[in-house]
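# Topology and contacts: notes
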Amino acid sequence: LESDSKYTMDVAPSVRAYFIGINCQHPDLTDVRVRQAMNYAVDKDAIVKNALQGAAQVSTSPMPDVIRGYQKQTPYTYDPGKAASLLEQAGWTRSGDGLLQKDGRPLTLEIQATDGNFLGDRVTCEAVQEYLRKAGIDVGLKVVDYNSYFSGLQDPASISKVTLNSFAFGSTIVEPSHALGGFEGSWKNIVSSVSRYRSSEFDAAYQKMLTAVDDEAAQA
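Below is a summary of the structure that appears in this document. (Residues numbered from 1 in each chain as written. Predicted model: local features only at pLDDT ≥ 70, side-chain atom pairs only at ≥ 80, totals over all residues. Heavy atoms only, no water.)

### Some points on the environment of Ser186
The test is simple: Only DSSP runs of H or I reaching four residues or more are called helices, and only runs of E reaching two or more are called strands; each is numbered from the N terminus. Summary of the burial criterion: residues with accessible area below 20% of their type's maximum are buried, those above 50% are exposed, and those between are partly exposed, where the area comes from a 1.4 Å probe applied to protein chains only. Whenever a nitrogen or oxygen atom comes within 3.5 Å of another N or O atom, the pair is scored as a polar contact, on the condition that within protein one atom can donate a hydrogen and the other can accept it, and that pairs from neighbouring residues in sequence are kept only if both atoms are in side chains.
Structurally, Ser186 is set in the loop between helix H6 (176–179) and helix H7 (200–210). Note on Ser186: relative accessible area 40%, which makes it partly exposed. Put simply, Ser186 and Ile47 are 139 residues apart on the chain and 32 Å apart in space, counted from C-alpha to C-alpha. There is a polar contact of 2.5 Å between the side chain of Ser186 and the side chain of Glu184.

### Examining the sheet that holds strand E2 (residues 93–94)
Inclusion rule: For two strands to be treated as a pair, DSSP must find no fewer than two bridges joining them.
Spatial strand order, E2-E3-E4: three strands in an open sheet with antiparallel pairing. The open sheet has two free edges, formed respectively by E2 and strand E4 (105–106), since each of these has just one partner strand. The pairing of strand E3 (residues 100–102) with E4 spans two bridges and is classified as antiparallel. Within the sheet, the bridge partner assigned to Gln101 lies in E4 and is Pro106.

### Focus: the packing of helix H1 (residues 32–40) against helix H3 (residues 80–89)
Formally: The angle between two axes is taken between their N-to-C directions and runs from 0 to 180 degrees, where each axis is a line fitted to C-alpha atoms and a helix contributes only its stretch in contact. Roughly parallel refers to an angle under 35 degrees, roughly antiparallel to one over 145, roughly perpendicular to one between 65 and 115, and oblique to any angle outside these ranges. Here is the rule for handedness: rotate from the far helix to the near one, and if that takes an anticlockwise turn smaller than a right angle the crossing is left-handed, while a clockwise turn gives right-handed. Throughout, a residue-residue contact means that at least one pair of heavy atoms, one from each residue, lies within 4.5 Å. Ten residues, namely Ala, Val, Leu, Ile, Met, Phe, Trp, Tyr, Cys and Pro, are considered nonpolar, four, namely Asp, Glu, Lys and Arg, are considered charged, and the remaining ones, Gly among them, are considered polar.
At their nearest, the axes of H1 and H3 sit 8 Å apart, and the two run at 165° to each other. Considered as vectors, H1 and H3 are oriented roughly antiparallel to each other. In this structure, H1 meets H3 at a crossing whose hand is left-handed. Listed contacts from H3 to Arg33, Val34, Gln36, Ala37 and Tyr40 of H1 are Pro80, Lys82, Ala83, Leu86, Leu87 and Gln89. Looking at the contact of H1 with H3, its residues break down into seven nonpolar, two polar and two charged.

### Quick look at a nonpolar patch on the surface
The following threshold applies: Grouping into patches uses exposed residues only, defined as over 30% relative accessible area, and leaves out salt-bridged ones; the cut-off is 9 Å for like charges and 5 Å for nonpolar side chains (Val, Leu, Ile, Met, Phe, Trp, Tyr). Here the accessible surface of atoms and residues is derived via Shrake-Rupley with a 1.4 Å probe, and residues count as covered only by protein chains that are part of the display. Just to be clear on terms, a salt bridge is a Lys or Arg side-chain nitrogen sitting within 4 Å of an Asp or Glu carboxyl oxygen.
A grouping of Leu1, Tyr7, Met9 and Val11 is seen on the molecular surface, where their side chains present a nonpolar patch of about 470 Å² in accessible area. Accessibility expressed as a relative area gives 43% for Met9, which makes it partly exposed.

### Quick word on the side chain of Gln129
One can find Gln129 in helix H4 (residues 121–134). Residue Gln129 is classed as buried on the basis of its relative accessible area, which comes to 11%.

Shown next as structure tokens:
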């Protein structure tokens, strides 16, 4: 369409954040160094350019920059060497086949992905899968039906079994309490089941923010 002079294409900022949630409660993923290493192992700029055809930008915050209260942060760079160092610090070493292992067992993960529900969802997950394999992580890909995706994640048994979950969260209310709800530790927010993150410090700040909805300065 862009190449056809009959049409004008507008590309506008979005409130949708596409991410792969790392299950923070899985035994192999509770170590923050492993989760950080996985971020350093993935070239997000290349994924934006190739898998998403440039129709995205690398996140600089847990919530999109069009939402009130946004604060710019520094994204993880693509640094395979840093990833390798962090994994080694966490006790994972390369075996003869190039895969990471600890105490004689491999670091085996699986990405749950939808296919066609969001722009480039499956191909993005395939790219992440390849980057993580280069880092020595044995990663599988499971394509799931979107309608049953969250019911599966809300099953308590998934807490210790599911490892990586891709999702594109659109904060349609365009308000920070909604955009950050995926991190609250009660896991009542349906999006929070994607990563199973829990931090008492965050929860206290989040609850304080919720009670300041009538005072935008205090909420910010």
